[in-house]
2 protein chains.
Amino acid sequence: MTKARDLTEHRIDSEAVFDGKLLHVRRDNVRLPDGSHATREYIVHPGAVLIIPLLDAQTVILERQFRYPGQRNFIELPAGKKEPGEDALLTAQRELEEETGYRAATWQKLATTHPSVGYSNEHIDYFVARELTYVGARLDEGEFLEVLAVKIDEALAWIKQGTITDIKTIAGLFWLTHL
Amino acid sequence: MTKARDLTEHRIDSEAVFDGKLLHVRRDNVRLPDGSHATREYIVHPGAVLIIPLLDAQTVILERQFRYPGQRNFIELPAGKKEPGEDALLTAQRELEEETGYRAATWQKLATTHPSVGYSNEHIDYFVARELTYVGARLDEGEFLEVLAVKIDEALAWIKQGTITDIKTIAGLFWLTHL
């Protein structure tokens, strides 16, 4: 194990191979550390935010939402995609209010994280939102979800029972116990 | 908030829109809960495993690996994609040995999780691997990575410092503190 070893893969060329409404896929030819060549396919993503909204010190706001790729409902912390170039905090404030109806007076940035390092350049900025006021939700057209206020201890039990399986949510809820 | 509300999106039709070497994208037309129509694009994925290998009660095995989509090295728990139809435990045993050189005598399944519910049907089965014996790594051709033995407390500090940003790894390391 050599700490200083260079593992970088160098781009030879790059091509857009799928441009959908939601997904944008590129395929690059790359040179590996040993000089051989390989292909890399990946999603180009504008980035997203995740919000951990605390109603009080023991209670977190979660959402129940049907997710088509998995063909079932998932329980998740509120999250949303950034508009191109949008400041992450503004995205977080907008998404929290639109989806849950809450506005937060205090925002704490935890980290920038990566959900799918193998096939996407997506990053997710994590925020804790405190001092919530209910102002009313304004869901996007075609968006359907339920808002749940759940005790943190219960949410942690839901992870262990397999009721919560969304990894970004699992990381966020466990993070609460390490603040 | 109505608990029994049906949030299901029903498939109208489905089409393969990109078939790459690594990525397979489908586009479906769906009927939303209010009867309106929408498009869903998503990656079809065979599923994966993540292994939390404990060298002893305080030490975890991590990997440092260049990830092309993010254009830098990431520190991650060992993980790998299932062969079609492969039992997750067999994938986990194979990947742990190939990537890190360790074989484990004890395996504990933690959960089945989902890394990208918005645009992929990927699931990741989490395992804790204990009683490790070093037998030698056998990396796949074109695979380059470094293996690190790290104190769990140090790995948790790396999360808070932003040195570890891979969400599946963050969830796995925090989970160790909730076993």
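Residues numbered from 1 in each chain as written. Chains lettered and ligands numbered in written order. Predicted model: local features only at pLDDT ≥ 70, side-chain atom pairs only at ≥ 80, totals over all residues.

Residue and element names in this part refer to chain B. For leucine 139, the position within the fold is in the loop between β9 (124-134) and β10 (145-151). C-beta crowding within 10 Å serves as the criterion here: with 12 such atoms nearby, leucine 139 is assigned to the exposed category. Residues leucine 139 and alanine 48, spaced 91 residues apart in sequence, show a C-alpha to C-alpha distance of 17 Å. Contact partners of leucine 139, with chain neighbours within four places excluded, come to Glu98 and Glu99. (Helix = DSSP H or I, 4+ residues; strand = E, 2+ residues; numbered from the N terminus. Buried ≥ 20, exposed ≤ 12 C-beta atoms within 10 Å, placed from the backbone. Contact = placed C-beta atoms within 7 Å.)

For the pair chain A and chain B, the relating rotation is 180 degrees, the translation along its axis is 0.0 Å, and the fit reaches an RMSD of 0.0 Å. Here the copies are linked by what is in effect a two-fold axis. Among all residues of chain A, the one whose C-alpha sits closest to the rotation axis is alanine 171 of chain A, at a distance of 2.1 Å. When the interface residues of chain A are mapped onto chain B, 100% of them again fall at the interface, so both copies present the same face. (Least-squares fit on C-alpha atoms with pLDDT ≥ 70 in both.)

In this structure, Ile51 and Ala171 of chain A together with Ile51 and Ala171 of chain B are the most contacted members of the largest nonpolar core, which totals 62 residues. Residues in contact with alanine 171 of chain A, not counting those within four places in the same chain, are Ile167, Ile170, Ala171 and Phe174 of chain B. (Core = buried A, V, L, I, M, F, W, Y, C linked by C-beta atoms within 7 Å.)

Our focus in this paragraph is the sheet that holds strand β3 (residues 37-43) of chain B. Residue and element names in this part refer to chain B. Ordered in space as β1-β2-β3, the three strands form an open sheet in which the pairing is antiparallel. With partners counted over all chains shown, the strands left at the sheet margins are β1 (10-19) and β3, one partner each. This sheet shows a mean twist of 20 degrees between the axes of neighbouring strands, independent of strand direction. Here strand β2 (residues 24-31) runs beside β3; their pairing, made up of seven bridges, is antiparallel. Bridge pairing in β3 links arginine 27 to glutamate 41. (Pairing = 2+ DSSP bridges. Axes fitted to C-alpha atoms, helices over the stretch in contact; angles between N-to-C directions.)

Before going further, it helps to examine the interface of chain A and chain B. Taken residue by residue, the interface counts 56 residues in chain A and 57 residues in chain B. Looking at the side of chain A that touches chain B, the elements that each hand over two or more residues are β1 (10-19), β2 (24-31), β3 (37-43), β5 (59-67), β6 (72-76), β8 (102-113), β10 (145-151) and α3 (167-176) of chain A. Tallying contributions element by element places α3 of chain A first for the side of chain A that touches chain B, with six residues.

Attention shifts here to the pairing of β6 of chain A. As paired strands, β5 of chain A and β6 of chain A are joined by five bridges and run antiparallel to one another. Note that in β6 of chain A the partner of glutamate 63 of chain A across the bridge is glutamate 76 of chain A.

We now examine the domain arrangement of chain A. Along its sequence, chain A is organised into domain 1 (10-43) and domain 2 (48-176). Using only C-alpha atoms to locate each centre, domain 1 of chain A and domain 2 of chain A end up separated by 30 Å. (Domains from an automatic or database assignment.)

Looking now at the sheet that holds β2 of chain A. All names here are of chain A. An order of β1-β2-β3 is seen for the three strands of this open sheet, with the pairing classed as antiparallel. A single partner strand is all that each edge strand has here, and the edge strands are β1 and β3. Here the average twist between neighbouring strands, direction ignored, is 20 degrees. Pairing geometry for β1 and β2, over eight bridges, is antiparallel. For arginine 11, the partnering residue across the bridge sits in β2 and is valine 30.

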